[in-house]
Amino acid sequence: VRLRNAKWDAEVDFDLAAFHSLVRVVKRTLRQLTEASLSSILLKDLSRVKLLPPGFMCASPAKKEPTQSALMLPRACMGIAVLFFLRYNGERANFSRELRNHFPCCTQPREDLQAAFFFWEHLRRCVNEFA
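So, here's what we can say about the structure. Since the structure is predicted, the reported quantities are computational estimates derived from the model, not experimental observations.

### What about the overall build of the protein chain?
The helix and strand inventory of the protein chain stands at 4 helices and 0 strands. Counting from the amino terminus, helix and strand elements in the protein chain follow one another as α-α-α-α. A burial count over the protein chain gives 24% of its 131 residues as buried. Within the protein chain, counting contacts between residues at least 6 apart in sequence, those at least 24 apart form 76% of the total.

If you want it as structure tokens, here you go:
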């Protein structure tokens, strides 16, 4: 969630904040598992390094825009926006406007909501592959 330069002025849900702390642990574990798997593959065959995207191994890439992980973790306040989405009963055409009105502290709440769903879809896919 990209926030405006102001304090959070929407509702707060402490259960979601606690849930988000668990999500952070899962995300960190998944990132470490991914890094360990990649390291294992590369240690077995260093010629596979050329299959990685350019600048992937560089700690400070020359690109101006940072590369975002496929599993970019949404902030804790995103859970509140997702809860708003799940409980929304209004007209579909009015959703974006009502989302912006309900979360005035967010700069792009709809795009952030889409990023959160993208995160959960990838997490679900990874869990299904490992299970």
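Read on for the rest.
### A short note on the packing of aromatic side chains
Within the structure shown, the criterion is met by 7 aromatic pairs. Between F84 and Y88, the aromatic rings sit 5.8 Å apart at their centres with planes inclined by 45 degrees, giving tilted as the arrangement. With relative accessibility at 16%, the residue F84 sits in the buried group. Both rings, one in F119 and one in W120, keep their centres 5.2 Å apart while their planes meet at 75 degrees; by these two values the pair is edge-to-face. Counting every residue linked through ring pairs, the aromatic cluster contains F84, F85, Y88, F95, F103 and F117.

Reading the values: the criteria
Residues numbered from 1 in each chain as written. Predicted model: local features only at pLDDT ≥ 70, side-chain atom pairs only at ≥ 80, totals over all residues. Heavy atoms only, no water. Helix = DSSP H or I, 4+ residues; strand = E, 2+ residues; numbered from the N terminus. Buried < 20%, exposed > 50% of the residue type's maximum accessible area, 1.4 Å probe, protein only. Contact = heavy atoms within 4.5 Å. Phe/Tyr/Trp six-rings, centres within 6.5 Å; stacked < 30°, edge-to-face > 60°.

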